[in-house]
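# A closer look at the structure
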Number of protein chains: 2
Amino acid sequence: MLIVQKYGGTSVANAERILCVAEHIVASYRAGNKMVVVLSAQGDTTDELIAKAQEVNPEPGKRELDMLLATGEQQAVALMALAIHRLGAPALSLNAVQVGIEATSLYGNARIKRIRPERITRALELNNIVIVAGFQGVNRYGDVTTLGRGASDTTAVALSAVLGADLCEIYSDVDGIYTADPRIVHGARKLASISYDEMLELASMGAQVLHNRAVEMAKRHRVKLVLRSAWYFDIEGTEIKEGSTMEKLLFSGLAIDRDVARVSIMGLLDRPGVAYHVFSLLATQKISVDIILQTAGSGKTKDINFTVHQADLDATLKVLETNKEAIGFDTVTFDTGMAKLSIIGAGMTTNFGVASMMFEALYECGVNISMISTSEIKITVVIDEKYADNAAVCIHEKFAQIMNE
Amino acid sequence: MLIVQKYGGTSVANAERILCVAEHIVASYRAGNKMVVVLSAQGDTTDELIAKAQEVNPEPGKRELDMLLATGEQQAVALMALAIHRLGAPALSLNAVQVGIEATSLYGNARIKRIRPERITRALELNNIVIVAGFQGVNRYGDVTTLGRGASDTTAVALSAVLGADLCEIYSDVDGIYTADPRIVHGARKLASISYDEMLELASMGAQVLHNRAVEMAKRHRVKLVLRSAWYFDIEGTEIKEGSTMEKLLFSGLAIDRDVARVSIMGLLDRPGVAYHVFSLLATQKISVDIILQTAGSGKTKDINFTVHQADLDATLKVLETNKEAIGFDTVTFDTGMAKLSIIGAGMTTNFGVASMMFEALYECGVNISMISTSEIKITVVIDEKYADNAAVCIHEKFAQIMNE
């Protein structure tokens, strides 16, 4: 089997961890697998390098920052190769330039355009374990670009797709995907498998176990992903794969996203383009808007409700106030200290009972619902943040009886 | 003017130093010069990275070690570019791959084969200050190779040659070349200039201000080198250039090399190939032999005297003892705690009086001479290490009257 493994920064934070991970890699290798390993920078290296940059320049340019940050992963891969050598196995470390991970020029947040697999393929044919620096690419000027925070997952999935890997294992601090955060919901259970779409919804809802771009890419290229613990190698993880077998899963997970603010624009003139006007103004201020609900127009006016991250609330209110006349509305109201609570599962909205079970659970524990939004595989409610944990427990209990897996 | 500047690791050890050096670079740039800057890794970075490597593998392989070490310089150049941006000037950092510093494959001690100047030339045309990672090259496999300790000097000189720089300034902890170590010899004076050959002799004799390969390359390509202080930019340094004007310099410097052991092989059979036999055996043990003196054969036997670094003495004696019969000699004697004391100056041995002045000075201060060796521009004596400082003072005083410059 050709296996691509990815280890996060805390998994390789020091010499002890590197040697521990090296043993796991060599065990897979000696079991007869071809191994490609993607690493993030060790521990807090990236943050430390950013701090060093800011010491000499409080507003570091992105090209030079990428040049600096890319050294973190390069150090990690060289150290891992050395650790594997110590265990008597052959290993070769490669940075993005050496692999040929061609990326766009957008420093700090580049996208992978294409990967030339030749160097890795050759190294694998020579029976090497290949250790690849995650998080980085090279643009058409030959400059190093980084792929954005957490993008080592994307590197691993992209390599899996290009090399036709049989399996892509993502090792991190968590040992899989749970039906809810086990620290909050006592009965939360780990899923043996989940579909790409469910994973995407979970990740976008704040369950940040896996970089979303990585899941999207895995879905597109049918890469078989497994999330596993980098600390307890004997624990089975969660497999992320295409969802045909998953469709019976009504409920695959529950996620909480905190620090949400609800904004309501009341008395908007009911004319074409008004929503475009509002949200393009917010976009130019780089304010990310989440759930948008627009009530049907009653007479000449309508209301638009949406959520933003609490940190963006002041900027949002300022933009709206400044452009009040141009947009044309009566008042703006808002609530802070809200949370989004979502349940995710394939075929959720096609099964009429699911949404009402969720609302019933919230009613039974006395939680008022501020907003509701549904998609094919997700139902989200916006509620007061202080009830979020309790609501999660109630909903989870309610669904426990219908949960398969 | 096109100026290449090189700064050593302590010169850029922290944010404060980087900003200080950046100001000096920008001042030269704003004075109308095109600037190329070569940097070493910050402070103790290289040693720290080696320690990290040894934590995971006590005997790190050189390819991976180079991959690791090269990140030190890459970090330094990125930080310097950021510091220069802060001062409002344009700057671009480049690693060896980006510059196109093609080197041999010998990891850890590669040689520069050729430099492609296009990327730097283009960046200079766009009015950038170009910051280049020293100490590294890229071999024909696309792998990073390092050029050996202190080789950032070589990078600077090689770039100067390829780019046709008007001047190559080497900034370090010392502000120039002195006629003797000013910490030992009170009357030591700084030279305004010195020839390449004199510099080579001084460097090989332990005055480690400048990497010898750099001086050799500067001589070959007629690169005008200036050694200057990275701490006091207003102090004039020492210029190293072709020696026609220098030939009148009888005495340009004095150097002490400590921790020397003298070994004498007595009663060697006087037959062809015996010296080859002895020194090839030592070479296979990687023992570096310095001054070799062979007395004219008296009858059937001769003696060979040579010096080794004290740390290599045990290995040397062991090799000789093991091969005693094969080589064919009577006994081996040795002295430890010796020092080599050399005076360097163009036309030294062509001027009969110079050697005798040196011996006279040693006689006057009661120092016994164990070995003598002379070259075109150097006279070396091996003496008891404990007299070395005093001897240096005596010789320097003796020559003070004939010193020009």
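Source: prediction; values computed, not measured. (Residues numbered from 1 in each chain as written. Chains lettered and ligands numbered in written order. Predicted model: local features only at pLDDT ≥ 70, side-chain atom pairs only at ≥ 80, totals over all residues. Heavy atoms only, no water.)

### Comments concerning the side chain of S28 of chain B
Residue and element names in this part refer to chain B. Its location among the elements puts S28 in helix α1 (residues 15–30). The exposure class assigned to S28 is buried, which follows from its relative accessible area of 14%. Beyond its immediate sequence surroundings of up to four residues, S28 is in contact with Q5, N33 and M35. (Helix = DSSP H or I, 4+ residues; strand = E, 2+ residues; numbered from the N terminus. Buried < 20%, exposed > 50% of the residue type's maximum accessible area, 1.4 Å probe, protein only. Contact = heavy atoms within 4.5 Å.)

### So, the relation of the copies chain B and chain A
Mapping chain B onto chain A is achieved by rotating through 179° and translating by 0.1 Å along the same axis, at an RMSD of 0.1 Å. Overall, the copies show the geometry of a two-fold rotation axis. Within chain B, the C-alpha atom positioned nearest to the axis of rotation is that of T71 of chain B, 2.7 Å from it. (Least-squares fit on C-alpha atoms with pLDDT ≥ 70 in both.)

### Description of the interface of chain B and chain A
Facing the 41 residues of chain B at the interface are 41 residues of chain A. Both faces considered, chain B and chain A share a buried interface measuring about 3300 Å² in area, 58% of it formed by carbon and sulfur atoms. In terms of surface lost to chain A, no three residues of chain B exceed V56, E64 and L82 of chain B, which account for 21% of the buried area on that side. The interface formed by chain B and chain A holds two salt bridges in total. A salt bridge links D143 of chain B to R119 of chain A, with the shortest nitrogen-to-oxygen separation between them at 3.0 Å. Linking chain B to chain A there are 22 residue pairs in polar contact (both at pLDDT 80 or more). Among the secondary structure elements, those contributing two or more residues to the side of chain B that touches chain A are α1, α2 (45–56), α3 (62–86), β3 (91–94) and α4 (96–99) of chain B. Of the residues assigned to the side of chain B that touches chain A, the class counts are 23 nonpolar, eleven polar and seven charged. (Buried area = accessible area lost by both parts, 1.4 Å probe. Salt bridge = Lys/Arg side-chain N within 4 Å of Asp/Glu carboxyl O. Polar contact = N/O pair within 3.5 Å; in protein donor to acceptor, adjacent residues only side chain to side chain. Nonpolar A, V, L, I, M, F, W, Y, C, P; charged D, E, K, R; others polar.)

### With respect to the sheet that holds strand β15 (residues 301–309) of chain A
Residue and element names in this part refer to chain A. The sheet built from six strands is open, its strands ordered β14-β15-β13-β16-β18-β17 with antiparallel pairing. Whereas interior strands pair on both sides, the edge strands pair on one side only; in this sheet they are β14 (289–294) and β17 (369–375). Averaged over all adjacent pairs, the angle separating strand axes in this sheet is 30°, with direction ignored. Pairing geometry for strand β13 (residues 253–269) and β15, over eight bridges, is antiparallel. Note that in β15 the partner of A261 across the bridge is V308. (Pairing = 2+ DSSP bridges. Axes fitted to C-alpha atoms, helices over the stretch in contact; angles between N-to-C directions.)

Geometry only, nothing functional implied.
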